[in-house]
Amino acid sequence: MVNIKQKGPRRRLWKALQHSYRELRPFREHRRSLLERYTPPWPIGEDKKKRPTMLPLVAQTANAYMQALVASNPRVIISTHDQELRGFAHQYTAAINNLIKEIKFADELRLATLDAFFFAGFMKIYWAPGEPVEIDDPDKPKEPGLYSKDEEWDQYTKRQHNTIWIDPGQPMVERISPDDFTFDMTATKWSGCRYMAHEYDVPLSVLEEDDRVDRKMLKTLPEWSRWKGSLFSGGGDRADQLHESSGSPVTLEPMIRVADLYMPFERCWGMMASNGEMLFIDDYEGPE
């Protein structure tokens, strides 16, 4: 097993990520070539040149696939043979279908389906904060001491009715662009991948408020964004830069380019910075 907390293995991992990103470049370039036929030939750059385009057969085929596969949100039906649980099963069915609609699952799935038409579709499932709910208190409330904080007394007051407020969280799903996803290209099958990385831009202010992030490391990071290319290589083959204009784009606030790194064999994950260092590392406790 690889211990990425050590400097030597972390450098080797960084080189492996760079190699896999380079190996994926032909696939990204082919996807971009197909997307040039899918999108309208808008003028590009200062010279206002138009790209030659074929008949919109690619667009028609892709749209037909999306309409057939993801016309709307998927729906679930939960049933039971137990008569006493049928009421809960109906309620649970409605709750899950409402959640699928609330998180706009169809929109993300439609984008992933379009990605799969041109290359491969990737989706990321994670747990996000939800709406606080009131539940029965599993423990009897204990009265805070004389010198306790006001927050402790407020919590004690709320628990006088033998209930507490908690945030159970909410499952979320997000489509990941193939331009932002790198995985182990030395593996011969998906279950053999030793690492996967999802790149994205995050405001510097958000990282500064994250208690998990190494503050000293954060101060050494330069301002970075996807417009400068991947963390692991230079830009130029991203599909979202097909119609970009000349000049450097200006973001509303300072952005930092990071990558969520997942290592299934080591059962750990973390956030990687643009210099190959880890902003934080944590154990992965989810399913295989």
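Chemist: So what about the packing of helix 1 (residues 7–23) against helix 2 (residues 25–38)? Which residues, and what values?
Modeler: How two helices pack is summed up by the angle between their axes together with the distance between the axes. As a packed pair, helix 1 and helix 2 sit with axes 4 Å apart at the nearest point and diverge in direction by 40°. Between helix 1 and helix 2, the contacting residues are Tyr 21, Arg 22 and Glu 23 on the first element and Arg 25, Pro 26, Phe 27 and Arg 28 on the second. Residues that form the contact of helix 1 with helix 2 fall into these classes: 3 nonpolar, no polar and 4 charged.

Chemist: Which residues make up the environment of Ala 259, and what values go with them?
Modeler: The topology assignment puts Ala 259 in strand 7 (residues 255–263). Along the chain, Ala 259 and Leu 279 lie 20 residues apart, while their C-alpha atoms are 9.9 Å from each other. Residue contacts for Ala 259: discarding those within four places in its chain leaves Ala 197, His 198, Glu 199, Leu 231, Phe 232, Gly 270, Met 271 and Met 272.

Chemist: Explain a negative patch on the surface residue by residue, including any values.
Modeler: Taken together, the side chains of Asp 150, Glu 151, Glu 152 and Asp 154 define an acidic patch exposed on the protein surface. With respect to the helices and strands, Asp 150 occurs in helix 6 (residues 150–158).

Chemist: Tell me about a nonpolar patch on the surface, and name the residues and values.
Modeler: A surface patch of nonpolar side chains, amounting to about 320 Å² of accessible area, comprises Tyr 65, Leu 69 and Phe 117. Along the polypeptide, Phe 117 turns up in helix 5 (residues 105–118). Judged by its relative accessible area of 31%, Phe 117 falls in the partly exposed class.

Chemist: Residue-level account of the sheet that holds strand 9 (residues 278–283), with values.
Modeler: Pairing is antiparallel in the open sheet, where 5 strands are placed in the order 5-6-7-8-9. For this open sheet the edge positions go to strand 5 (181–183) and strand 9, each flanked by a neighbour on one side alone. If you compare each strand with its neighbour and ignore which way they point, the axes differ by 20° on average. Pairing between strand 8 (residues 268–272) and strand 9: 5 bridges, direction antiparallel. When the sheet's bridge partners are listed, Trp 269 is paired in strand 9 with Asp 282. The sheet contacts of helix 1 involve strand 5, strand 6 (196–203), strand 7, strand 8 and strand 9, and relative to strand 5 the element is tilted by about 115°.

Chemist: A description of helix 3 (residues 57–69) should follow, citing residues and the corresponding values.
Modeler: If you check helix 3, its first and last C-alpha atoms are 18 Å apart, about what 13 residues at 1.5 Å a residue would give, namely 18 Å. If you check which residues of helix 3 are buried, you get Val 58, Ala 59, Ala 62 and Met 66. Viewed end-on, helix 3 has its buried residues packed into an arc of 95°, placing them on one side of the element. Looking at helix 3, the residues exposed on the side facing more than 90 degrees away from the buried face are Leu 57, Gln 60, Gln 67 and Ala 68.

Chemist: Which residues make up the side chain of Arg 28, and what values go with them?
Modeler: In this fold, Arg 28 is placed in helix 2. Within polar-contact distance, the side chain of Arg 28 engages the backbone oxygen of Tyr 21 at 3.1 Å.

Chemist: Tell me about unusual backbone geometry, residues and numbers included.
Modeler: With a phi close to 55°, Lys 104 is a non-glycine residue in the positive phi region. Of note, Lys 104 is situated in the loop between helix 4 (86–102) and helix 5. Positive phi, close to 50°, is recorded for Arg 267, a residue that is not glycine. Mapped onto the secondary structure, Arg 267 falls in the loop between strand 7 and strand 8. Taking relative accessible area as the criterion, Arg 267 reaches 33% and is therefore assigned partly exposed.

Chemist: Let's hear about a positive patch on the surface: which residues, and what values?
Modeler: Residues Lys 7, Arg 11, Arg 12 and Lys 15 make up a contiguous surface patch of positive charge. Along the polypeptide, Arg 12 turns up in helix 1.

Chemist: Pulling in residues and values, what's your account of helix 5?
Modeler: Taking 1.5 Å of rise per residue, the 14 residues of helix 5 would be expected to cover 20 Å, and the 20 Å separating its terminal C-alpha atoms lies within 8% of that figure. The inward-facing, buried residues of helix 5 contact helix 2, helix 3, strand 1 (122–128) and strand 4 (170–176).

Procedures and definitions
Along each chain, residue indices are assigned from 1 in the same order as the chain's sequence is written. Local features in this predicted model are restricted to residues of pLDDT 70 or higher, and side-chain atom pairs are both shown and tallied only at a pLDDT of 80 or more, whereas totals for entire chains, interfaces and linings draw on every residue. Values reported for side chains reflect all heavy atoms of the structure, with hydrogen atoms and water molecules removed beforehand. Whenever a helix is involved, its axis is fitted only over the stretch in contact; in every case the axis is a line through C-alpha atoms, and angles between N-to-C directions fall within 0 to 180 degrees. To qualify as a helix, a DSSP run of H or I must reach at least 4 residues; to qualify as a strand, a run of E must reach at least 2; elements of each kind are numbered from the N terminus. For this analysis, residues touch if any pair of their heavy atoms sits within 4.5 Å. Under this grouping Gly is polar, as are all residues other than the nonpolar Ala, Val, Leu, Ile, Met, Phe, Trp, Tyr, Cys and Pro and the charged Asp, Glu, Lys and Arg. Patch definition: residues above 30% relative accessible area lacking any salt bridge, with like charges linked at up to 9 Å and the nonpolar side chains Val, Leu, Ile, Met, Phe, Trp and Tyr linked at up to 5 Å. Values of accessible area rely on a 1.4 Å probe in the Shrake-Rupley scheme; residue burial ignores everything except the protein chains shown. Salt bridge, as used here: a side-chain nitrogen of Lys or Arg that lies within 4 Å of a carboxyl oxygen of Asp or Glu. In this tally, Asp and Glu contribute negative charge and Lys and Arg positive charge; neither His nor the terminal groups of the chain are included. Think of each charge as sitting on NZ of Lys, CZ of Arg, CG of Asp or CD of Glu. Burial classes follow relative accessibility: with a 1.4 Å probe on protein chains only, a residue under 20% of its type's maximum area counts as buried, one over 50% as exposed, and anything between as partly exposed. One requirement defines pairing of two strands: DSSP has to find at least two bridges between them. Expected span of a helix, by definition, is 1.5 Å for each gap between consecutive residues, and there is one gap fewer than residues. In this description, the arc belongs to the directions extending from the helix axis to the C-beta atoms. Nitrogen and oxygen atoms within 3.5 Å of one another constitute a polar contact, given that in protein one can donate a hydrogen and the other can accept it, and given that sequence-neighbouring residues count only through two side-chain atoms.

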